[in-house]
Amino acid sequence: LPLAFVLPTPFSKTPFEFMIGWRKGWYAYFIVLLALAMAWTLDNVNFAFFAQGIAMFLAMANYFEPEPKYYIWINRCTPKQFLFKKILIGLLQAQYVGFLVLICFVLLFPKLALVAFFIQLVASIYLVALILAKYVAYPREVSFPEASELAIAMWFPPFLFYLIPSWFKKSC
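I will try to describe carefully the structure that is included in this document. Note that the structure is a prediction, hence the values are computed from the model and not measured.

1. Comments concerning the packing of aromatic side chains
Line of reasoning, step 1. Going through the model one piece at a time under the given rule, you end up with nine aromatic pairs.
Line of reasoning, step 2. Relative to Tyr138, the ring of Tyr135 lies with its centre 6.1 Å away and its plane at 40 degrees, an arrangement referred to as tilted.
Line of reasoning, step 3. Joined through ring pairs, the aromatic side chains of Trp26, Tyr27 and Phe30 make up one cluster.

Rendered as structure tokens:
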């Protein structure tokens, strides 16, 4: 009979970011559930927007820390293939959480479904930018140059159309 309790995750057999992020911050998802419950009971769309934003922010927060070189070294693929794989897996795993919140949002406020889908899309694009920022800075952590460019993109989203291809090229 094991004495230690292992928190199961829906992210096994894939890169470590979401698995570690889920285990470290599973309790933060109660804030998302609380905000959805408040949106439902108070019929307030702002709580639903907050829940969706927090869910996607929690997904993005998993990508701030660089992994050990060994995790990159064990992959048998080109840098371009590696980045595509990381981006694809990151987007899929972010949608595990984001999609559940999105469904609740659409069920609670069907008139704002397009806005909710747009927020999910923009958050996914920011996740791609964050993953690329991580590998532009690799092996160090994301520092001032990458963070300042990301902050400009947060303030002026069309800057992402320049930033994402540029960072992809730099990280390959």
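Past the structure itself, the notes keep going.
2. Digging into the side chain of Asn62
Line of reasoning, step 1. Mapped onto the elements of the fold, Asn62 is located in the loop between α3 (45–61) and α4 (69–73).
Line of reasoning, step 2. Judged by its relative accessible area of 13%, Asn62 falls in the buried class.
Line of reasoning, step 3. When neighbours within four sequence positions are excluded, Asn62 is seen to be in contact with Glu17, Phe18 and Gly21.

3. Some points on helix α5 (residues 79–108)
Line of reasoning, step 1. Look at α5: 42 Å from first C-alpha to last across 30 residues, which is about the 44 Å you get at 1.5 Å a residue.
Line of reasoning, step 2. A maximum bend of about 40 degrees is found in α5 at Tyr96.

Conventions we followed
- Residues numbered from 1 in each chain as written.
- Predicted model: local features only at pLDDT ≥ 70, side-chain atom pairs only at ≥ 80, totals over all residues.
- Heavy atoms only, no water.
- Phe/Tyr/Trp six-rings, centres within 6.5 Å; stacked < 30°, edge-to-face > 60°.
- Helix = DSSP H or I, 4+ residues; strand = E, 2+ residues; numbered from the N terminus.
- Buried < 20%, exposed > 50% of the residue type's maximum accessible area, 1.4 Å probe, protein only.
- Contact = heavy atoms within 4.5 Å.
- Expected span 1.5 Å × (residues − 1).
- Bend = angle between axes of the 7 residues up to and from the residue.

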